[in-house]
Amino acid sequence: MSVHRLAAVAALLTGFAAAPAFAQEIELPKQNWSFDGPFGTFDKAAAQRGFQIYKDVCSNCHSMKQVYYRNLSGIGLSDAQIKAIAATVDVPTIGDDGQPTERKGLPADHFKSPYPNERAARAAQNGALPPDQSVIEKAREGGADYIFALLTGYTDPPAGVKMGDGMNYNKYFPGHQIAMAAPLSDGRVDYIDGTKPTLEQEARDVTTFLAYVANPEMEERKRTGIRVVLFLAMLSGLTYVVKRQVWSDVDH
Amino acid sequence: MVGLHTSDIKNPVINWIDTRLPIFTMMQKEYGVFPTPKNFNYFWNFGALAMVNLMIMIVTGIFLAMNYNASTAGAFDSVERIMRDVNYGWLLRYVHANGASMFFIVVYIHMFRSLYYGSYKKPRELLWMIGVAILLLMMATAFMGYVLPWGQMSYWGATVITNLFSAIPLVGDSIVTLLWGGFSVDNPTLNRFFSLHYLLPFVIIGVVFLHIVALHVTGSNNPLGIDVKSSQDTLPFHPYYTVKDLFGMCIYLLVFASLVFFAPNYLGHADNYIPANPLVTPTHIVPEWYFLPFYAILRSVPSKLGGVILMFSSIAILFVLPWLDTSPVRSARFRPIYRWMMVAFVVDCVLLGEVGGRPPEGIWVVVGQLSTLYYFLHFLVLVPVVGKMEHPLPLPESISRPVLPSGGGPLPAGYAAKPMEKV
């Protein structure tokens, strides 16, 4: 039959698919993530620790505008916990008297940004704008591996490298000069669950959390995908048998 | 019964309709009993797959448009809202985004099939030209669709591509202002691109209809590239090709689903998840993978106008291909030289894609120029010259001859001249 022809189609397909592959300028160390592969899920304990780091460290400078407090249910927090977390922020609103006022945050609110606007952020950050972290895991070539590498990639600049004013050397940042000072270090946070807060552990946890907020649909997507692929594989088999049956009376 | 169609359909209701509007008779004629060469291989599935793909794009697109906000202030956030809060929004968007890639994979294979088996040759020249028109419409649609999420690549891709028109002498700048609806890519640009992105697919449906009408006038080509001689050579479209297309569709959906569910961003660019920022230019502005070969051709000449002319010529040349090809034989199976030329041409196209995805530095500049040269050499020199010089292999007498008992294998001397026997 035409198996070799199908193989030719497949070869063409992969040839095309490989075309956009980019030469990565700096080789990123490949990490193992709980959310890798078609069966991957988010390590909820790691994501919760990651949220603690986001709350205590990252959110001092970085916004996460697309995410709602209610989305935290996806990393295993209970409704009561989410309510309590949301209630720790004050959200600007208009009072009954028509005057601007503030109210307690609700699960239906977006994560509160550290700065009211971009100009305020730049003014406070020496002119640099800390990027929004809602989809940062998808917005960087290399994804989770890149974020982990960046967070653990701070070193002293090699001899002869002249650093800009207030810039920090990072092995994995494009151009190596990054405005953000090393945000994480051994013992930067005290984990509620007692995990030892090493730099690696912190970077791994917050990367897991960032991967979750960028892909909140991932677990459902992959679960659905397994079912769809299994169904289609069976349907392909059946259809092929029917096709053979229909064509059995034809010389071809 | 003046003016009424005589229908064979027994069901009284359908018969009533069919006598007044014979769509059922037409469907039966064009898709039921339509005589189709019996020797198609799986490359002949891709036309039907393209049709399926177009439908998937339109259906997902309609639902995306219900939730999309075409404004520079709201576009990026509305796409994220689709991903996070719209029921199955992530599925709609990932199917639509990867569907564009699948559409180009399917259509490119469909076109290479046509090139290899000579489907563009007489009498199917117009069928082929309509197909090239569909490709152009698809490219315009895909380009404008990519602008809609209003990420960095959307914005800068739109800026680079619309700026190409400024290379046109005299009227170039006015055309660009017209495309933008202003003096830079901005809200009016996004608005008109959204409008046109919604319009063009329906234009594509119209042109696809013409493509199919033209196909059903000439009938399909086949892997032997010889004409149908008798009813022995054909099968009714249903059930033989409906079931075969159905099987092909299952495999196509398997590939599609693997992308959507397990690697939905594999073919995209990370930069497009950064909101558009007119003040920050990405390090490398790269179009989607399906435009990379053309992007490589564009960048192969150091002159803007020259690059634009070359890029548009690379497609325009396809319109005149039926007249560039001088060979009387359609299928590359019987063209020993053209066969290898096709292999080289496919390699050249993949190479162009590779070049288009890399920064134009070092060796890749030369590789890009050479593969661009070969692209045009193929159509302008090799195809016409080889068509004249090549000695094609003897053609089989009919489509059914090679498979009928006693007909297999090399034909005995003199056999090919014998008139066909009626069985």
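Here the structure is shown first, and the text comes after it.
These lines cover the structure that appears in this document, whether it is placed above or below. This structure is a prediction, so every number in the text was calculated from the model and none was measured. (Residues numbered from 1 in each chain as written. Chains lettered and ligands numbered in written order. Predicted model: local features only at pLDDT ≥ 70, side-chain atom pairs only at ≥ 80, totals over all residues. Heavy atoms only, no water.)

## Overview of the overall build of chain B
When its secondary structure is counted, chain B shows 15 helices and two strands. Relative to a compact globule of 423 residues, whose C-alpha radius of gyration would be 22 Å, chain B shows 24 Å and is just as compact. Over its C-alpha atoms, taken along the principal directions, chain B stretches across nearly 75 × 60 × 45 Å. Relative to its 423 residues, chain B shows a buried fraction of 53%. Counting only contacts in chain B whose residues sit at least 6 apart along the sequence, the fraction spanning at least 24 positions is 77%. In chain B, the 25 positive side-chain charges and the 21 negative ones have mean positions that sit 9 Å from each other. (Helix = DSSP H or I, 4+ residues; strand = E, 2+ residues; numbered from the N terminus. Rg over C-alpha atoms; globule rule 2.2 N^0.38 Å. Buried < 20%, exposed > 50% of the residue type's maximum accessible area, 1.4 Å probe, protein only. Contact = heavy atoms within 4.5 Å. Lys, Arg positive; Asp, Glu negative; His and termini not counted. Charge placed at Lys NZ, Arg CZ, Asp CG, Glu CD.)

## Describing the pattern of salt bridges
Residues and elements named next belong to chain A. In this structure the tally under the stated criterion is 17 salt bridges over all chains. Two residues, Asp90 and Lys104, come together in a salt bridge whose shortest N-O distance is 3.6 Å. A residue pair is termed long-range when its members are at least 10 positions apart, and Asp90 in strand E1 (residues 90–94) and Lys104 in strand E2 (residues 100–104) qualify at 14 residues. Accessibility expressed as a relative area gives 30% for Asp90, which makes it partly exposed. Of the residues examined, Lys104 reaches a relative accessible area of 53% and is grouped as exposed. Put simply, Arg103 and Asp109 hold a salt bridge, and the shortest N to O gap is 2.9 Å. Given a relative accessible area of 31%, Arg103 falls into the partly exposed group. (Salt bridge = Lys/Arg side-chain N within 4 Å of Asp/Glu carboxyl O.)

## Regarding the interface of chain A and chain B
Counting residues at the interface gives 54 residues for chain A and 57 residues for chain B. The tally of links between chain A and chain B comes to one salt bridge. A salt bridge links Asp85(B) to Arg70(A); its shortest N-O distance comes to 3.2 Å. At the boundary of chain A with chain B, the tally comes to eight residue pairs in polar contact (both at pLDDT 80 or more). (Polar contact = N/O pair within 3.5 Å; in protein donor to acceptor, adjacent residues only side chain to side chain.)

## Examining the state of the cysteines
Residues and elements named next belong to chain A. What the rule picks out here adds up to zero disulfides over all chains. The thiol of Cys58 is unpaired, and the distance to the nearest cysteine sulfur, on Cys61, comes to 9.0 Å. On the accessibility criterion, Cys58 (13% relative accessible area) is buried. (Disulfide = S-S within 2.5 Å.)

## Section: the pairing of E1(A)
Looking down a regular strand, the side chains alternate between one sheet face and the other. Residue and element names in this part refer to chain A. Sheet topology note: the E1/E2 ladder contains five bridges and is antiparallel. Across the sheet, Val91 pairs through a bridge with Arg103, a residue of E2. Joining the antiparallel neighbours E1 and E2 is a turn of five residues, in which Gly98 adopts a positive phi near 85°. (Pairing = 2+ DSSP bridges.)

## Side note on the nonpolar core
Soluble globular proteins tend to bury their nonpolar side chains together. Judged by nonpolar contacts, the single largest core of 117 residues is most densely connected at Phe104(B), Tyr108(B), Leu115(B) and Tyr375(B). With 16 residues, the top contributor of residues to this core is helix H5 (residues 89–116) of chain B. Contacts of Tyr375(B), omitting those with residues within four sequence positions, involve Ile297(B), Ser314(B), Ile317(B), Leu318(B), Phe345(B), Asp348(B), Cys349(B) and Leu352(B). In this structure, Trp33(A), Tyr69(A), Phe111(A) and Ala144(A) belong to the second largest nonpolar core, which totals 44 residues. (Core = buried A, V, L, I, M, F, W, Y, C linked by side-chain atoms within 4.5 Å.)

## Some words on the packing of helix H11 (residues 292–299) of chain B against helix H14 (residues 336–356) of chain B
A pair of packed helices can be characterised by two numbers: the angle between their axes and the separation between those axes. Residues and elements named next belong to chain B. Interaxial distance between H11 and H14 falls to 7 Å at its minimum, and their mutual angle equals 70°. Taken together, the axes of H11 and H14 are roughly perpendicular relative to one another. Contacts between H11 and H14 involve Leu292, Pro293, Tyr295, Ala296, Ile297 and Arg299 from the former and Cys349, Leu352, Gly353, Val355 and Gly356 from the latter. Looking at the contact of H11 with H14 residue by residue, the class counts come to eight nonpolar, two polar and one charged. (Axes fitted to C-alpha atoms, helices over the stretch in contact; angles between N-to-C directions. Parallel < 35°, antiparallel > 145°, perpendicular 65-115°, else oblique. Nonpolar A, V, L, I, M, F, W, Y, C, P; charged D, E, K, R; others polar.)

## Examining the environment of Leu199(B)
All names here are of chain B. When you line up the elements, Leu199 lands in helix H9 (residues 187–218). On the basis of relative accessible area, Leu199 is assigned to the partly exposed category, the value being 46%. The spatial distance from the C-alpha of Leu199 to the C-alpha of Pro394 is 48 Å, given a sequence separation of 195 residues.

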